[in-house]
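# Descriptive structure summary
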Amino acid sequence: MKYAGIDIGTTGIKALVVEENGKILDRFDRPLKVYNPRPAWSDQKPQDWWEGVMDILGSISHKYKIDSIGLSGQMHSLVALDKDENVVRPAILWNDQRTTKECQEATQILGGERNVISEVGNPILEGFTLGKILWLRKNEPDNFKRIKHIMMPKDYIAYMLTGEIGTEWSDASGTACYDVKSRKWDLKVLKSLEIDEGLFPPVSKSYSSRGMLKASLEKTFGWKDVKIICGGADNAVSALGIGVFNPGDCMVSVGTSGTVLGVTSSTEPDLEGKLHYFNHVVDGTSYYMGVMLSATGSFDWARKMVATDDSLEKIEEMVKSSVPGSKGLIFLPYLNGERTPHRDPHARGVIFGISSLSEKADIMRSVIEGVTFGLRDSFELVKKRVDVKSAKITGGGSNNLEWVKIIASNFKVPIEIPEINEGGAYGAAMLAAVGNGKKFEEVSKWIKVKNTVEPEQTWSEFYDSWYYEYKGLYNDLKERFKEIDRQVY
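Here the structure is a predicted model, which means the values were calculated and not measured. (Residues numbered from 1 in each chain as written. Predicted model: local features only at pLDDT ≥ 70, side-chain atom pairs only at ≥ 80, totals over all residues. Heavy atoms only, no water.)

The subject of this paragraph is the packing of aromatic side chains. Enumeration according to the criterion identifies 23 aromatic pairs in this entry. Taking the centre distance of 5.6 Å and the plane angle of 80° together, the rings of Y334 and Y474 count as edge-to-face. Pair noted here: Y334 is in the loop between strand 19 (330-332) and strand 20 (350-352) and Y474 is in helix 17 (residues 457-488), with a separation of 140 residues, a long-range link. Taken together, a centroid distance of 6.2 Å and an interplanar angle of 20° make the contact between Y467 and Y470 stacked. Highlighted residues: Y467 and Y470, both in helix 17, separated by three residues, approximately one helical turn. A network of ring pairs unites the aromatic residues F373, W459, F462, Y463, W466, Y467 and Y470 as a single cluster. Over the aromatic face of W41 sits the side chain of R98, whose NZ or CZ is 4.0 Å from the ring centroid. For R385, the ring lying beneath its charged end belongs to Y288, and the centroid distance is 5.1 Å. (Phe/Tyr/Trp six-rings, centres within 6.5 Å; stacked < 30°, edge-to-face > 60°. Helix = DSSP H or I, 4+ residues; strand = E, 2+ residues; numbered from the N terminus. Lys NZ or Arg CZ within 6 Å of the ring centre and 35° of its normal.)

Further remarks concern the pattern of salt bridges. One side chain can pair with another of opposite charge once the charged atoms of both are near each other. Applying the stated criterion across every chain, the model contains 38 salt bridges. A salt bridge links E272 to K274, with the shortest nitrogen-to-oxygen separation between them at 4.0 Å. With a closest N to O distance of 3.5 Å, K389 and D387 form a salt bridge. Beyond isolated ion pairs, a larger network of salt bridges with shared partners links K154, D155, E168, D171 and R210. (Salt bridge = Lys/Arg side-chain N within 4 Å of Asp/Glu carboxyl O.)

Before going further, it helps to spend a moment on helix 3 (residues 113-120). Residues V116, I117 and V120 constitute the buried set of helix 3. Buried residues along helix 3 cover an arc of 95° about the axis, so they all sit on one side. For helix 3, the elements touching its buried residues are helix 2 (100-109), strand 10 (178-179) and helix 8 (187-192). Directly after helix 3, the chain includes G121, whose backbone phi takes a positive value near 100°. (Buried < 20%, exposed > 50% of the residue type's maximum accessible area, 1.4 Å probe, protein only. Arc of directions from axis to C-beta. Contact = heavy atoms within 4.5 Å.)

Moving on to helix 11 (residues 296-306). Side chains that are three or four residues apart share a direction in an α-helix, a result of its 3.6 residues per turn. Every buried residue of helix 11 is accounted for by T296, S298, F299 and A302. When helix 11 is viewed along its axis, its buried side chains cluster within an angular range of 150° and face the same direction.

The next point concerns the pairing of strand 1 (residues 2-8). Extensive coverage of strand 1 is indicated by the burial of six of its seven residues. With seven bridges connecting them, strand 1 and strand 2 (residues 12-19) associate as antiparallel partners. When the sheet's bridge partners are listed, Y3 is paired in strand 2 with V18. Once strand 1 ends, the chain turns through three residues before running back antiparallel as strand 2. In this sheet, strand 5 (residues 68-73) lies alongside strand 1 in parallel orientation, the contact comprising six bridges. Among the inter-strand pairings, I8 is bridged to a residue of strand 5, identified as G73. (Pairing = 2+ DSSP bridges.)

The subject of this paragraph is the sheet that holds strand 18 (residues 286-292). The pairing of strands in a sheet comes from backbone hydrogen bonds and takes either a parallel or an antiparallel form. Reading across from one edge, 17-18-16-15-21-22-23 is the order of the seven strands in this open sheet, with mixed pairing throughout. Two strands lie at the open edges of the sheet, namely strand 17 (276-279) and strand 23 (449-453), each paired on one side alone. The mean inter-strand angle of the sheet, taken between neighbouring strand axes irrespective of direction, is 30°. Examined bridge by bridge, strand 15 (residues 250-254) and strand 16 (residues 258-264) share five bridges and lie antiparallel to one another. Following the sheet pairing, V252 is matched in strand 16 by V260. In the packing of helix 13 (residues 360-382) onto the sheet, the strands contacted are strand 15, strand 16 and strand 18, and the crossing angle to strand 16 comes to about 20°. Contacts from helix 14 (residues 401-411) reach strand 15, strand 16, strand 21 (391-394), strand 22 (415-418) and strand 23, with the element oriented near 145° to strand 22. (Axes fitted to C-alpha atoms, helices over the stretch in contact; angles between N-to-C directions.)

For the rest of this paragraph, the subject is unusual backbone geometry. The omega torsion of the bond from T340 to P341 falls at -5°, within 30 degrees of zero and hence cis. If you check the backbone angles, A40 has positive phi at about 70° while not being a glycine. Position of A40 among the secondary structure elements: in the loop between strand 3 (24-31) and strand 4 (43-44). Residue class for A40 comes out buried when judged on its relative accessible area of 13%. Even without glycine at this site, E85 takes up a positive phi of about 65°.

As summarised here, the arrangement of the six strands in space is 3-2-1-5-14-13, forming an open sheet in which the pairing is mixed. The sheet terminates laterally at strand 3 and strand 13 (209-212), the two strands that pair on one side only. Strand-to-strand twist in this sheet, taken as the mean axis angle between neighbours without regard to direction, amounts to 20°. Across the sheet, helix 10 (residues 234-241) lies against strand 1, strand 5 and strand 14 (227-233), angled at about 105° from strand 14, the strand it touches most.

See below:
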C-alpha cells in the first residue's frame with residue numbers, strides 16, 4: 001500500500017508519498033500566491049490550488065501507484081460554488097480581517113457572545129467562515145445570490161477529485177455555524193441569521209471516504225480504484241502527523257500562523273472565548289487551541305527587511321550571538337491583527353526600543369522572541385484546561401534549535417521535535433491509511449521523537465519579566481492602533 005497526503009496551505013501546497021510502515025518515499029511542493037486587495041484582506045484563487053494539485057499528482061503518477069489520498073487544508077477560508085459548481089469569487093482566507101462589523105452584528109442577533117459560545121463552542125471571529133458569508137451577502141449581493149455550495153479549501157479539492165461535495169467535523173468546527181458539541185450544523189444559528197442551511201455540505205468523519213477518484217482522472221494518471229479520504233483541518237491533521245491526538249497531548253506549530261493546541265475529551269468550550277474549541281480528527285476527542293496570525297510570517301517579513309541575503313543557518317547563528325531580551329528590543333508580531341488572546345483586527349507590528357546599539361542580530365532575535373511571546377499567550381490559556389507535561393513542535397520554526405530553546409524556556413516544559421516533521425501532509429497520509437483500513441493505534445507507531453529541547457532555567461526567569469513588558473506594550477498601544485486604523489483605512 002502507498003498513501004499520498006496533500007496539504008493545501010496558505011503559501012504553498014505540500015504532498016508526500018508514504019509507505020504502509022510510515023516511511024516517506026517522496027516529497028512534492030508547489031508555491032501559492034496570496035492576494036491582498038487591502039491591508040488585512042487576504043484572497044486566494046481556488047483554481048491555483050487545483051492546478052497545483054494536478055501538477056503534483058501528475059508528478060507522483062510518473063513514479064508511484066497510489067491506493068488512497070488524504071487531504072489537509074487551511075481552516076476557515078471560504079470557497080463558494082454556484083449551481084454549475086463553478087467558483088463564484090476568490091476564496092476569502094482565514095487571516096482576512098474585513099468582517100468585524102458582520103461578526104459583531106451576528107453576535108448581537110444571537111444574544112451576545114456567551115450565548116454564541118454556548119451554542120456553537122466558539123465566538124464569531126473575523127477569521128471564521130460565517131463572518132465571510134455575511135460579508136458577501138452585504139457587500140457582494142450579486143455574488144451571494146449565485147452561491148449554491150459553501151466549503152473549505154481541502155473540501156474543494158476533494159470535490160474536484162471525486163465530484164462529491166462534503167466536509168468533515170474538524171473543518172466544520174471552524175465555521176462558527178457548527179455545534180462542536182453535537183457535531184452538526186447549528187440550524188438555530190443559521191435560521192436566526194437567515195442563511196439557507198442547504199448551502200452547507202454534509203459532515204462526515206475525518207477518516208471516512210469522500211469517494212473514488214474520478215474515472216477521467218484515473219485515466220489521466222494511470223491509476224485505478226484510488227480512494228479519496230475526507231481529511232481534516234490543517235492544525236488537527238498536523239497534530240495527528242506528529243502524534244498529538246490523545247487527551248493531554250500538546251502541539252505548538254510555528255508556521256505562517258502560530259498555534260498551541262491541547263487535546264481533550266471534554267465537551268465544554270471556553271466560555272470566555274479566548275481559546276478555540278474544535279473537533280479533532282480522532283473519534284471522541286476535541287482540542288483547545290490558541291492562534292496567532294503571524295508567526296513565521298513575522299520572521300519572513302523581518303528577514304526580507306534586514307536579512308535578505310542571509311541563509312537560515314546564518315540567521316540562527318546571529319540570533320544565538322544576541323542575548324535574551326535582544327538588547328532592549330521588543331517585537332509585537334501583529335502584522336495582520338491578532339486573534340488569541342486579543343482578538344484585535346486593528347493591532348499592528350511594532351519593533352520597540354531601537355537604539356544605536358541595536359544590530360541586525362538583535363532585530364531578528366526580538367522577532368523570534370515576540371512570536372514566542374505570542375505563542376505563550378496561547379499556551380498559558382491551554383495549560384489551564386489541559387495537563388501539559390511536554391509539547392511536540394512542528395512548522396518551519398521547529399528547524400531553528402535556538403528558537404525551540406526560547407519556546408521551551410517560555411513554556412517551561414520539554415519540547416519534543418519529531419523525527420518526521422512534515423506537518424499536515426504527513427497527517428493527511430496517516431488519515432489516508434486509516435481510511436483504507438488501518439487503525440489510529442497502528443499509524444501512531446509511525447511517530448518517533450528525534451530530539452528533546454529542555455528549558456533553560458535562567459532564560460525562563462528572565463523571560464517571565466520580559467513577557468510582562470511585552471504584554472504591557474500591547475496594552476499601552478491598543479487604543480492607538482484603533483485610532484491609526486481609523487485614520488488610514
